[in-house]
Amino acid sequence: MGNFLLEKNLEKSIVSYPSSLGDFDNITGAYIHIPFCKRRCFYCDFPISVLGDAAINQHFISVDKYVEFLCREIKFTKFSLNFPSNSLRTIFFGGGTPSLLEVQHLEDILIVIEENFGIASDAEISMEMDPNTFSRAKLEGFQGLGINRVSLGVQSFEDDLLKVCGRSHSVNDIFAAVEIINQVGISNWSLDLISGLPNQSLSQWRDSLSKAIDLKPNHISCYDLVLEPVTVFGKKYQPGDKPLPTDEMAAQMYRLAVEMLTDAGYNHYEISNYAQKGYECRHNRIYWENKPYYGFGMGATSYVDGRRFSRPRIRKDYYAWVEEMELSFDWVNFPKTDQYNQLLETLMLGLRLAEGVSLSKIRETMGNEILTKIYNCLESYSVQGWVEINLVDENIRLMDPDGFLFSNTILSSLFNALEDG
Ligand SMILES: C[S@@+](CC[C@H](N)C(=O)[O-])C[C@H]1O[C@@H](n2cnc3c(N)ncnc32)[C@H](O)[C@@H]1O
C-alpha cells in the first residue's frame, strides 16, 4: 500500500532549506505499479485503468503495451544511475490489481529487473492480489517466477459492505482465494481490511477481524477509511457524518483491532500493520525508515538520490513520459528534498513504527537544538502517555493505541514546533 498514501501525507509537509540526512545510493527495494482493475472501488483514489469485468484476454493488447513501457522505464532508469546498484532485496507489485497480469507478463518484467538490477536470492517479492482474479495455476506460475509474498485485498467479510464499496468479489471468493494460497503453499501472506465503512457496525468489524484471524494470515493490515475527495465515497459522504461512523466509533474500531490482533499473537509493529514474528513487510519498512527506493510504472513514486517524484497517473501520459525520458532522463532534473524536509519525513514516517525514531543521527547532522525542540514539544504528550521519550537512547515513539490514534495531532504540533525557526 505504502507508495501512494505515504506520498499524500508527505505532500502536506513541504517548506525550504539546504543539504542532506540520508545515504541515497544504497537502494535495496523497488515498487512496481500494475494499474489494471476490473472496476474502481468507491473509496479508491489509486492511479488505475479500469478494464471492466470482461476476461483479461480481451485486453491483452493494452496490458502487453503497458508491460512493454514499464520494461523500457526500468532499462533507462538503470542506464541513468551514476552509482553501482545493489541487487534488490524487496520488490513490491502494487496496484491496481497485479493479479490480473498473466504469468508471461510477470516473467517479462522480472527478467528485465534481473538483467538490469539483479534480484537477491532471499528477496521478498510481494504481489497485491484481489479475490476472484487468479486461479491455482496462475498463482503457481507467479510462485515459480519468485512471488513469495501475497497481499490479499479483502476489505470486509460482509457481502453487503463489499457491495457498498463496489468490490468485484464476494465473501465466498475471499475464502476460495485463501484456499488457493494455501494449496499453492504461499508461506508468507497478508490480508487487508478497511474499518469505518458506511453503516459498518462494531460487531461487523469484530466479525471481520475474527474471520481474518481464523484464516491465519502471517500479516494483517487494517486501514481506517480515508475519504478521498475525488472518489464516489468522497463526493457522497462527509467525515464523521452518517452513514460513516463517528470519530469515537472509528477510535473504538481501532482499539478493537489492536486488542483482538495482539491477543491473537500478532505484533502491532506499525500504525496500520500487524505481523506474526518474522513476517513484517520488509518492503514497506523501507518507506517507514525513509530509505531510498525505486518506483516504476504509472503513478508510481520513487526516492532516489534524495529526490522524490511521482510518474504520470494517466496511462497515455505515462507512455509519453517514458518516451521523453528515454531521450533525456537525468535525476538532477528532479528537486532534491532538503535536510529540513527529510527531518519531517523521517519523523512522520518513523513514528508510524512501534519502535519509533532514533534521534541520534538527527543530532549528528542537525545538532542538539533540534532535539531540544522535539523533546520540549513532545513533553506534554508523554505526560498524557501518548508518547515515550527515551533520553538515554535518544529515541521517541508513539504509544499503542493512544499515540497512534492521536498521531496526526502529535505530528502537527511537532511540525509547528520545528517550523518556528
Ligand atoms: C493498492 S490498494 C490494493 C488494491 C487491490 N486491488 C485491492 O483492492 O485489494 C491497497 C490497500 O489500500 C487500502 N485502501 C485503498 N483505498 C483506501 C482508502 N480510501 N481508505 C483506506 N484504505 C484504503 C485497501 O485496504 C487496499 O487493499
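> Describe the overall build of the chain, and please don't skip the residues or the numbers.
Regarding its fold elements, the chain presents 16 helices and 16 strands. The C-alpha atoms of the chain give 21 Å as radius of gyration, which agrees with the globular expectation for 421 residues (22 Å, within 12%). Projecting the C-alpha coordinates of the chain onto the three principal axes gives extents of approximately 60 × 55 × 40 Å. Counting only residues that meet the buried cut, the chain has 57% of its 421 residues in that class.

> Go over the pairing of strand 1 (residues 29-34) with me, naming the residues and quoting the values.
Regular strands place side chains that alternate from one sheet face to the opposite one. With six of six residues buried, strand 1 is to be regarded as a mostly interior element. Direction of pairing for strand 1 relative to strand 4 (residues 88-95): parallel, over a ladder of six bridges. Of the residues in strand 4, the one forming a bridge with Tyr31 is Phe92. With three bridges joining them, strand 1 and strand 11 (residues 294-296) adopt parallel strand pairing. Bridging from a neighbouring strand, Ala30 pairs with Tyr294 of strand 11.

> Summarise the environment of Asn182; cite the residues concerned and give the values.
Note that Asn182 resides in helix 6 (residues 171-184). You can call Asn182 partly exposed: its relative accessible area is 44%. In this structure the C-alpha to C-alpha distance between Asn182 and Gly403, which are 221 residues apart in sequence, comes to 36 Å.

> Can you explain the sheet that holds strand 16 (residues 395-398)? Please cite residues and give values.
With antiparallel pairing, the three strands of this open sheet are ordered in space as 14-16-15. Whereas interior strands pair on both sides, the edge strands pair on one side only; in this sheet they are strand 14 (357-358) and strand 15 (387-390). Relative to strand 16, strand 15 runs antiparallel, the two sharing four bridges. Across the sheet, Ile389 pairs through a bridge with Ile396, a residue of strand 16.

> Can you break down the side chain of His169 residue by residue, with the values?
Here His169 lies in the loop between helix 5 (159-164) and helix 6. There is a polar contact of 3.0 Å between the side chain of His169 and the side chain of Arg167.

> I'd like a description of helix 9 (residues 247-263), backed by residues and values.
Between its first and last C-alpha atoms helix 9 spans 24 Å; for 17 residues at 1.5 Å apiece the expected length is 24 Å, and the two agree. Those residues of helix 9 that sit buried are Ala250, Ala251, Met253, Tyr254, Leu256, Ala257, Val258, Met260 and Leu261. Against the buried residues of helix 9 lie strand 7 (189-195), helix 7 (202-214), strand 8 (219-224), strand 9 (267-270), strand 10 (273-275) and helix 15 (402-405). One or two steps after helix 9, the chain reaches Gly265, where phi turns positive at roughly 95°.

> Tell me about the environment of Phe134, and name the residues and values.
Checked against the element boundaries, Phe134 lands in the loop between strand 5 (119-129) and helix 4 (136-145). In this structure Phe134 comes out as buried when scored by relative accessible area, which is 9%. Separated by 32 residues in sequence, Phe134 and Glu102 have C-alpha atoms that sit 9.2 Å apart. Residues contacting Phe134, with those up to four places away along its chain left out, are Ser99, Met129, Leu139, Leu152, Ala177, Ile180 and Ile181.

> If you had to explain the site of the ligand to someone new, which residues and values would you point to?
Around the ligand, 17 residues are found, and the nearest of them are Gly96, Asp130, Gln155, Arg167 and Asp192. Thr97 is positioned with one of its side-chain polar atoms (N or O) 3.3 Å from a nitrogen atom of the ligand. One of the side-chain N or O atoms of Arg167 is found 2.6 Å from an oxygen atom in the ligand. For the ligand, whose unbound accessible area comes to 560 Å², protein coverage reaches 95%. At the level of secondary structure, the elements contributing two or more residues to the shell around the ligand comprise strand 6 (149-155), strand 7 and strand 8. In the shell around the ligand, the residues fall into seven nonpolar, five polar and five charged.

> Which residues make up the domain arrangement of the chain, and what are the values?
We note that the domain assignment places domain 1 (4-288) and domain 2 (359-420) within the chain. A separation of 30 Å is found between the C-alpha centroids of domain 1 and domain 2. In total, domain 1 and domain 2 occlude about 930 Å² of area from one another, counting both sides; carbon and sulfur atoms represent 70% of this. Remark: the boundary between domain 1 and domain 2 carries one salt bridge. Close ionic contact of Asp402 with Arg255 constitutes a salt bridge, the shortest N to O distance being 2.8 Å.

> Tell me about the state of the cysteines, and please be specific about residues and values.
Evaluation of the coordinates by the stated rule reveals zero disulfides. With no disulfide of its own, Cys44 lies closest to Cys41 among cysteine sulfurs, the gap being 6.2 Å. Residue classification places Cys44 among the buried residues on the basis of a relative accessible area of 13%.

> Describe the sheet that holds strand 6, with residues and values.
Backbone hydrogen bonds hold the strands of a sheet together, and the pairing may be parallel or antiparallel. Taken together, the nine strands give an open sheet; going across it, the order is 9-10-8-7-6-5-4-1-11, and neighbouring strands pair in mixed fashion. Looking along the sheet, the strands with just one partner apiece sit at the ends: strand 9 and strand 11. Strand after strand, the sheet turns through a mean of 20° between neighbouring axes, direction not considered. In the sheet, strand 8 pairs with strand 10 via three bridges, with the strands oriented antiparallel.

Cut-offs and rules
Residues numbered from 1 in each chain as written. Predicted model: local features only at pLDDT ≥ 70, side-chain atom pairs only at ≥ 80, totals over all residues. Heavy atoms only, no water. Helix = DSSP H or I, 4+ residues; strand = E, 2+ residues; numbered from the N terminus. Rg over C-alpha atoms; globule rule 2.2 N^0.38 Å. Buried < 20%, exposed > 50% of the residue type's maximum accessible area, 1.4 Å probe, protein only. Pairing = 2+ DSSP bridges. Polar contact = N/O pair within 3.5 Å; in protein donor to acceptor, adjacent residues only side chain to side chain. Expected span 1.5 Å × (residues − 1). Contact = heavy atoms within 4.5 Å. Near = heavy atom within 4 Å. Areas by Shrake-Rupley, 256 points an atom, 1.4 Å probe, with all protein chains shown as cover. Nonpolar A, V, L, I, M, F, W, Y, C, P; charged D, E, K, R; others polar. Domains from an automatic or database assignment. Buried area = accessible area lost by both parts, 1.4 Å probe. Salt bridge = Lys/Arg side-chain N within 4 Å of Asp/Glu carboxyl O. Disulfide = S-S within 2.5 Å. Axes fitted to C-alpha atoms, helices over the stretch in contact; angles between N-to-C directions.

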